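Chain by chain, the residues run as shown.
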Amino acid sequence: MPPAPAPQPSPFDILSHLAHDWTLVAGAIAAVLLALVAIQIARKRRLRAPSERTPEALPEPRVQPRIELPPSEAEAARRQQAEAAHKEVEELARERRERAEAAKVAADAADRARLESEASELRGREEEAKREEYRAKKAADREAKERHRREREEEDRLREEENRRAVEEEEARQRTARGEELRRIEAQAGQTLAQGLAKTRTQGFMAKLNSLFSQPRQVDESVLGQLEEILFSADIGVQTASRLVQLAREKVKANDLSSVDKIKSVIRDEVERIVSLPVPHSLQGGGPPHVMMVVGVNGSGKTTTIGKLAAKVSDQGRKVVLAAGDTFRAAAAEQLDIWAERARAELVKGPENSDPGAVVFEALKRAREQNADVVIADTAGRLHTKVPLMDELKKVRRVMDKALPGAPHEVLLVLDATTGQNAIAQAKQFRDVVGVTAIALTKIDGTAKGGVIIGICDELKIPVVWVGVGEKVVDLRPFDPREFVTAMFDERSVN
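I will try to describe carefully the structure that is included in this document. (Residues numbered from 1 in each chain as written. Predicted model: local features only at pLDDT ≥ 70, side-chain atom pairs only at ≥ 80, totals over all residues. Heavy atoms only, no water.)

Some remarks on the overall build of the protein
For clarity, the cut-off: Only DSSP runs of H or I with at least four residues qualify as helices, and only runs of E with at least two residues qualify as strands; both kinds are numbered from the N terminus onward. The contact rule is simple, with two residues in contact once any of their heavy atoms fall within 4.5 Å. Each accessible area value is a Shrake-Rupley result obtained with a 1.4 Å probe; residue values ignore everything except the protein chains displayed when judging cover.
Looking only at helices and strands, one finds 16 helices and eight strands in the protein. The long-range share in the protein, meaning contacts at least 24 apart out of those at least 6 apart in sequence, stands at 77%. Accessible surface computed for the protein: about 28,400 Å², of which carbon and sulfur atoms make up 53%.

Put into structure tokens, the structure is as follows:
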């Protein structure tokens, strides 16, 4: 028997099935839409997040001081007087109104006249009380105005003190930084005096002396003859050589010398005595400003020495002004311009061939206006044998004294060590003209004639204050007599 045919779905069943399917589809679509919305919201939040961060707290500005002074006794008294007068005005006005009202209703003519007279009298007293109140208020206002003026002055004083303290703190910070920088520079490899005198010790007269002193022999006329020959051929000068030979002969006659080694010790001690002259304070002590006049012939290293000295002053946190007084040589002003920039110094210069005295005068004037600590003045440096040059230097010195009484406080002569005994002749000329107070000896590292220091100190009695042993700023060194003698006589001082 064949199976019964499947029942056909009714239209209602078909519609129910379709409705169920659409419900599922709609739910899926809604879920997808919700997911997309959630993604968009999260993305927007991420984009907004950086701008919604809490900004970093800015440093709070310094609060300006606000001063409030208490009223003075005079101001307080005037205020009280004004208040008392005001109360009196109110009381008199009240009484006057009462009398006036009573006069209006008075039946008796005599009473009305009396009341009106009293009201008139009270009005007069009221007006006088008002005037008294006004005067008291004006006086109190004047006292208050004076108090406010004192408050502003105190605020200004405190503000200026705060600003000054801030400036001092900044200057102290800069000085500390400069000091650290200076110590760092000083720690760099600069030449020692022993290294600068290496040629003098190994190639100059000291090499011959050390050779003589190294021979183990008794002191006799032959030894003294060799000593005399070595010293007179050296660059220490005839006068100094004669002094040292005479000292050695006197020691031999007194039987104080028995070996050449003892001669070396005697010569060493005498040289140390010769070069150990009293040294003035360089670049300080005068003024302010302290004025240094620098003289010397062209090619001696004068301009470079000025630049290095300016750098040293600036590194100490002091203000320095340079005066380009060598107006006859264009290259001198150009060199000083470069050094002034390196040393953070101000340069005062004039046109080529202009009056050197005018340039120096302007430099001193500007230094005083700016509260500078040091002025270093360059001067013309043609040949020291030229009379017009020496006259010009005398004039510049007079101009300095006119611009700042007592200036210059220091006259520094720059000498080239490579010129040997000619440096002594230069020193004599400049000493007689401008009164040299100190000497800077340059280029010692490039010559075997470093012994000229001995002759300068012995013949001229002018102390050597600075020695140049290299190209760097740190290679311009303060002269130390003991260090010099050790570098000259101690062969182990090399390096």
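Quick notes on the nonpolar core
Side chains of nonpolar character tend, in soluble globular proteins, to be buried together. The cut-off we apply is this: We define a nonpolar core as any set of buried Ala, Val, Leu, Ile, Met, Phe, Trp, Tyr and Cys residues linked to one another through side-chain atoms lying within 4.5 Å. Burial classes: relative accessible area under 20% of the type maximum marks a residue as buried, over 50% as exposed, and values in between as partly exposed (1.4 Å probe, protein chains only).
If you look at the biggest cluster of nonpolar residues, it comprises 77 residues, and the most contacted ones within it are Phe-205, Leu-231, Met-400, Leu-441, Ile-453, Ile-454 and Phe-484. Listed in part, the 26 residues of the second largest apolar core include Leu-322, Val-374, Ala-440 and Trp-466.

Remarks on the packing of helix α8 (residues 238–253) against helix α15 (residues 452–460)
Working note: a packed helix pair is described by the angle between its axes plus the distance between those axes. Put simply, the rule is: Only C-alpha atoms enter the line fits that serve as axes; for helices the fit covers just the stretch in contact. Angles between N-to-C directions range over 0 to 180 degrees. Small angles under 35 degrees read as roughly parallel and large ones over 145 as roughly antiparallel, with 65 to 115 read as roughly perpendicular and the rest as oblique. Residue type decides the class: Asp, Glu, Lys and Arg count as charged, Ala, Val, Leu, Ile, Met, Phe, Trp, Tyr, Cys and Pro as nonpolar, and the leftover types, Gly among them, as polar.
Closest axis-to-axis distance for the α8/α15 pair is 8 Å, and the angle between their directions is 90°. With respect to α15, the axis of α8 lies roughly perpendicular. Between α8 and α15, the residues in contact are Val-238, Gln-239, Thr-240 and Arg-243 and Ile-454, Gly-455, Asp-458 and Glu-459, respectively. A class-by-class count of the residues in the contact of α8 with α15 yields two nonpolar, three polar and three charged.

Focus: the side chain of Lys-264
One can find Lys-264 in helix α9 (residues 260–275). Classification of Lys-264 by relative accessible area gives buried; the value is 17%. Non-local contacts of Lys-264, meaning those with residues more than four positions away in its chain, are made with Asn-210, Phe-213 and Phe-489.

Some remarks on unusual backbone geometry
Look at the link from Ala-407 to Pro-408: it is a cis peptide, with omega at 0°. Following the sequence through the fold, Pro-408 ends up in the loop between α13 (387–403) and β5 (410–416). The phi angle at Asn-371 is positive, at roughly 55°, despite the residue not being glycine. Within the element layout of this structure, Asn-371 appears in the loop between α12 (356–369) and β4 (374–377). Within the chain, Lys-443 stands out as a residue other than glycine whose phi angle is a positive 60°. As for its placement among the helices and strands, Lys-443 is situated in the loop between β6 (438–442) and α15.

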